[in-house]
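Report on the structure
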Amino acid sequence: MRISLNWLRELVEIKLSPEELAETLTMAGFEVEDIEDRRTWANGVVVGKVLERQPHPNADKLSVCQVDIGAGETLNIVCGAANVKADIYVPIATTGTYLPNIDLKIKPAKLRGVPSQGMICSLKELGLPTDVDGIHIFTQENLPLGSDVRPLLGLDDVILDLTATANRADALSMVGVAREVAALTGGKLSIPEPGEVSISKNTGNLTLKIADTQACPAYIGTVIEQVKIAPSPEWLQQRLRAAGVRPISNVVDITNYVLLEWGQPLHAFDRDRLKSVASSENLTIGVRFANNGEFLKTLDGQTRTLSTQNLLITANDRPVALAGVMGGEETEVHEGTQSLVLEAALFDSVAIRRSSRSAGLRSEASGRYERGVNRAELEIANRRALSLISELASGILVQQEIADTRPDPSTWSRSIALRLDRVNQILGPIDLGEDTGELQGQDVERILTALGCQLTPSGEDSNHQPTWSVSVPPYRYRDLEREIDLIEEIARLYGYNRFCDTLPEKSEGGYLPLDEELIRKLRAFLRAEGLTELIHYSLVKPGEDRQIVLSNPLFAEYSALRNDLLSGLIDAFQYNLEQGNGSLNGFEIGQIFWREEDGLQETEALAGIMGGDRTIGKWSKSGREEPVTWFEAKGTLESVFRQLALEVEFQPDCRDNRLHPGRTASLWIRGNRLGIFGQLHPQLRREKGLPDSVYVFQLDLDVLLESLGQDEILVPTFQPYSTYPASDRDIAFFAPVKISVSEIEKVITKAGKDLLESVELFDEYRGENVPEGQRSLAFRLVYRASDRTLTEAEVEPVHNKVREALVEKFGVNLRS
């Protein structure tokens, strides 16, 4: 909001310079974005009188003027304006004057051979907006020649461009800013209190019909007759221009003036046009929400299609204005207006915000209603407007109707308990120069009293600190609701810069939670294996079992929560192939959701997909891709588990119908199911158009993190290594296919635990010379002792023990 210091000085005593006042307001939370010093715009421009005007001898469009500026001798000035003539008072920029708005310094010059000793100025050249082409002609008579033109043009002023925070609706008015300046500087307030206005008849044909009292809790309609529409007086126009508002006519200017002064939007209707719209001499002004498809042409000339979110002012149920936003063109005040209906109303902030957004229209009025107009000063603003209309437009008040459903005025203020101990606890110590201290009770009372609050002592708290009951003024009712709001005001007005800057004595380095650290490590290991991390939406198409469906989805395609990660990875694999990006090797960590009988469940999962050629180049293989094999894909997982020091067991599984029933394994850790790993089912691969070798896995992240959180993994124990050589033995046998290698490895490890260091399967064969239903397996066993070199006599008994255990446990047919 643009604040005129000349206007502000009429409302509050100001002893600070414009720069000091701007700094004070900014430090108090009202940022001053710009200081517009208009005093520099016409420094050196004086009042002059054109004594004589002659045409220029060498130019048709120029005039040679003799101008008196009260300096003893007349000035010869060449002027190009068409409206210059003798016996007029005009602004004269004398020699040496600098006009910053056109970046021009006046120097003695010759124009087409005729000397010119200054310049007769237009308003545009002085930085003022105007619709008049040519020089400015003062309408006043007998002006003192040579006097400063700035007081006459309102250029003896400084404008502060001030931004108020969203919670300070009261600061969008000159009265609100004056109250704030008084509280900050201690200046004396001189806010005008308009007197009562008299209604000559108070009988007429105006009635009110408020359909929604929540959206419009108060409405005052006043009928004014014998109005004379004319330009506003110069003082009023200057104040509007300073605020960035274009003067129109006395009535419209008065409504804008009261809007700026009190923050209360008003609107004036032409009563005769209202009757024409209503098609009746009896007017019923109504407030209701629009029906879908209704139309209204607003003051900006646009015809707007209305919806049920638009709040309307109606005349006999015909729309005439967007309530709280903008009036209608059909009932606007014009040059021939003779009678008015002046609207002063309160509208609900939520209703106006929705209406404004729905119409795509913002205005000075809607901006104030959205933040919340002061309900306690509606009548004051209305009386101020009516008295100005009576004074400046000769209006006679003949009828006033009021519809008021506001709560009792006693509820317009609230009482808040405030504790000095809490104030100091929140704000901390204050800087007293060489020492520090705390806010005292008198500081709190002084600050809050300056804000318009009333404090009543209510005793002491348990720490023997004073407490108060603070009564908030009505114009701060929306802003000050709790004790913390009062504490914020105390800090703001006392000065944020007067509180001590305190830092913790010791600062500790931050650390990651264990789960997050483990997840980061897991991500790093997966990336090291050549997998790219993927991210999918948690919202998917509905239709799966135990799926959680949203009740208010944005799109049907995203109306349910995913219950696994594999579907998204398979679709991503297919999409990359279709886009020509090749096969995808990636992993994802994310939330999955499902429905149980006892409610909704959620957990975090890790999933991955592998199927692309992981080699760097194909030139050595004639351009042929080498897709990932089962053992390579399984080895990728095993490599990650090995780096995490986890012992994971693979067991056959066929529960997921998306996976190959003979090439799927469930994963287990210490008897807890970790997840699943397998190759995609051939039927699914054909449907999706995927290659043969595509493998997926999905792990329960909670089970994984719980296993990684074991002490022996988090803090591994050092295992000494032997400096003595190992002795290795091979063992080969026929074993039933149904017996897994992991079961055989367990038996071998248990039988040779004293000296056995490692077991590794290095060969498998099925086919010729192998019995039906069996396979040939060959293991390499490494024996080693930590304190000596093993002899044949020591290794052979243990190795025989392993052979016997295999025969006894599985009935294998030894080949070596």
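Shown above is the structure to which this text applies.
Rules used throughout
Residues numbered from 1 in each chain as written. Predicted model: local features only at pLDDT ≥ 70, side-chain atom pairs only at ≥ 80, totals over all residues. Heavy atoms only, no water. Helix = DSSP H or I, 4+ residues; strand = E, 2+ residues; numbered from the N terminus. Rg over C-alpha atoms; globule rule 2.2 N^0.38 Å. Buried < 20%, exposed > 50% of the residue type's maximum accessible area, 1.4 Å probe, protein only. Areas by Shrake-Rupley, 256 points an atom, 1.4 Å probe, with all protein chains shown as cover. Lys, Arg positive; Asp, Glu negative; His and termini not counted. Charge placed at Lys NZ, Arg CZ, Asp CG, Glu CD. Contact = heavy atoms within 4.5 Å. Patch = residues over 30% accessible without salt bridge, like charges linked within 9 Å, V, L, I, M, F, W, Y side chains within 5 Å. Salt bridge = Lys/Arg side-chain N within 4 Å of Asp/Glu carboxyl O. Pairing = 2+ DSSP bridges. Expected span 1.5 Å × (residues − 1). Phe/Tyr/Trp six-rings, centres within 6.5 Å; stacked < 30°, edge-to-face > 60°. Lys NZ or Arg CZ within 6 Å of the ring centre and 35° of its normal. Core = buried A, V, L, I, M, F, W, Y, C linked by side-chain atoms within 4.5 Å. Axes fitted to C-alpha atoms, helices over the stretch in contact; angles between N-to-C directions. Parallel < 35°, antiparallel > 145°, perpendicular 65-115°, else oblique. Left-handed = near helix turned anticlockwise from the far one by under 90°.

1. Thoughts on the overall build of the protein chain
Within the protein chain, the secondary structure is distributed over 21 helices and 42 strands. The globule rule puts the C-alpha radius of gyration for 816 residues at 28 Å, and the 44 Å found for the protein chain is more than 25% above it. On the principal axes, the C-alpha backbone points of the protein chain span a range of 135 × 75 × 70 Å. A total of 816 residues make up the protein chain; the buried ones form 47% of that total. Surface accessibility of the protein chain: about 42,200 Å² in total, with carbon and sulfur atoms responsible for 47%. Of the charged side chains in the protein chain, 87 are positive and 121 negative; the average position of the first set lies 3 Å away from that of the second.

2. Focus on the side chain of Arg 179
Counting through the fold element by element, Arg 179 comes out in helix H4 (residues 174–185). Excluding its chain neighbours within four sequence positions, the residues that come into contact with Arg 179 are Leu 189, Ile 191, Trp 262, Glu 377 and Tyr 475.

3. Some remarks on a positive patch on the surface
A cluster of basic residues, Lys 750, Lys 753, Lys 801 and Lys 809, forms a positive patch at the surface. On the basis of relative accessibility, which here comes to 62%, the residue Lys 753 falls in the exposed class.

4. Some details on the sheet that holds strand E20 (residues 318–322)
Read from one edge to the other, the open sheet built from 5 strands follows the order E13-E16-E19-E20-E21, with strand pairing classed as mixed. With partners counted over all chains shown, the strands left at the sheet margins are strand E13 (206–210) and strand E21 (326–327), one partner each. Here E20 runs beside E21; their pairing, made up of 2 bridges, is antiparallel. Looking across to E21, one finds that Ala 321 is bridged to Gly 327.

5. Regarding helix H6 (residues 250–262)
At 3.6 residues per turn, the α-helix brings residues three or four places apart onto the same side. Its 13 residues place the ends of H6 18 Å apart at the C-alpha level, agreeing with the 18 Å of an ideal helix rising 1.5 Å per residue. Counted residue by residue, H6 has 12 buried out of 13 residues, so it is predominantly covered. The complete set of buried residues in H6 reads Asn 250, Val 251, Asp 253, Ile 254, Thr 255, Asn 256, Tyr 257, Val 258, Leu 259, Leu 260, Glu 261 and Trp 262. Backbone geometry just after H6 places Gly 263 at a positive phi near 75°.

6. What about the pairing of strand E27 (residues 454–460)?
Two strands pair when backbone bridges link them, and E27 and strand E28 (residues 466–471) are joined in this way by 5 bridges, in the antiparallel orientation. Paired with Leu 455 across the two strands is Val 470, which belongs to E28. Hairpin connection of E27 to E28: 5 residues between the antiparallel strands, including His 464 at a positive phi of 65°.

7. Description of the packing of aromatic side chains
Scanning all chains against the criterion turns up 10 aromatic pairs. Where Trp 630 meets Phe 677, the ring centres are 5.0 Å apart and the plane angle is 50°; that geometry is what we call tilted. Residue Trp 630 is located in helix H16 (residues 630–643), and its partner Phe 677 is located in strand E37 (residues 672–680); the two are separated by 47 residues in the primary sequence. Classification of Trp 630 by relative accessible area gives partly exposed; the value is 21%. The class for Phe 677 is buried, based on a relative accessible area of 0%. Note on Phe 733 and Phe 779: the rings are 5.8 Å apart at their centroids and 15° apart in plane angle, and the pair reads as stacked. Remark: Phe 779 occurs in strand E41 (residues 774–783) and Phe 733 occurs in strand E39 (residues 727–736); sequence separation between them is 46 residues. Side by side, Phe 733 and Phe 779 carry an identical accessibility label, which is buried. Through a chain of ring-to-ring contacts, the aromatic side chains of Trp 630, Phe 650, Phe 677 and Tyr 695 assemble into a single cluster. Taking the ring centre of Tyr 494 as reference, the NZ or CZ of Arg 498 above it sits at 4.0 Å.

8. Concerning the nonpolar core
Counting residues in each nonpolar core, the largest one holds 116 residues, and the members touching the most others are Leu 8, Ile 313, Phe 347, Leu 418 and Leu 448. The element best represented in this core is H4, accounting for 8 residues.

9. A short note on the pattern of salt bridges
On inspection of all chains with the given rule, the structure shows 49 salt bridges. Residues Asp 404 and Arg 406 are paired through a salt bridge, measuring 2.8 Å at the closest nitrogen-oxygen approach. The class of Asp 404 is partly exposed, set by a relative accessible area of 40%. Here the residues in one salt-bridge network are Arg 168, Asp 170, Glu 180, Arg 476, Asp 479, Glu 489 and Arg 492, joined through shared partners.

10. Some thoughts on the packing of helix H8 (residues 349–359) against helix H9 (residues 364–371)
Running from amino to carboxyl end, H8 crosses H9 at an angle of 140°, the nearest separation of the two axes being 7 Å. Relative to H9, H8 is oriented oblique. The handedness of the crossing between H8 and H9 comes out as left-handed. Every residue of H9 that contacts H8 at Ser 349, Ile 352, Arg 353 and Ser 356 is listed here: Ser 366, Tyr 369 and Glu 370.

11. Here we look at the sheet that holds strand E6 (residues 89–93)
To summarise the sheet geometry, strands pair through backbone hydrogen bonds and adopt either a parallel or an antiparallel arrangement. Strand order across the open sheet formed by 5 strands is E5-E4-E3-E6-E11, with antiparallel pairing between neighbours. A strand with exactly one partner marks an edge of an open sheet, and here the two such strands are strand E5 (75–79) and strand E11 (119–120). When E6 meets E11, the two strands line up antiparallel, connected through 2 bridges. When the bridges of E11 are listed, Ile 92 appears paired with Ile 120.

12. What to know about the environment of Leu 814
Mapping Leu 814 onto the fold places it in strand E42 (residues 813–814). For Leu 814, the residues in contact, after removing those within four places along its chain, are Ile 731, Ala 732, Phe 733, Arg 803 and Val 807.

13. Re the environment of Gly 327
Take Gly 327: it is sitting in strand E21. The class for Gly 327 is buried, based on a relative accessible area of 4%. Separated by 27 residues in the primary sequence, Gly 327 and Asp 300 have C-alpha atoms spaced 9.1 Å apart. Filtering out sequence-adjacent residues up to four positions away, Gly 327 remains in contact with His 267, Thr 298, Leu 299, Val 320 and Ala 321.

14. Notes on the environment of Asn 43
Here Asn 43 lies in the loop between strand E2 (31–37) and strand E3 (45–55). Overall, the relative accessible area of 47% leaves Asn 43 in the partly exposed class. For the pair Asn 43 and Leu 126, spaced 83 residues apart in sequence, the C-alpha separation works out to 9.8 Å. Not counting residues within four places of it along the chain, the set of residues in contact with Asn 43 comprises Thr 97 and Arg 150.

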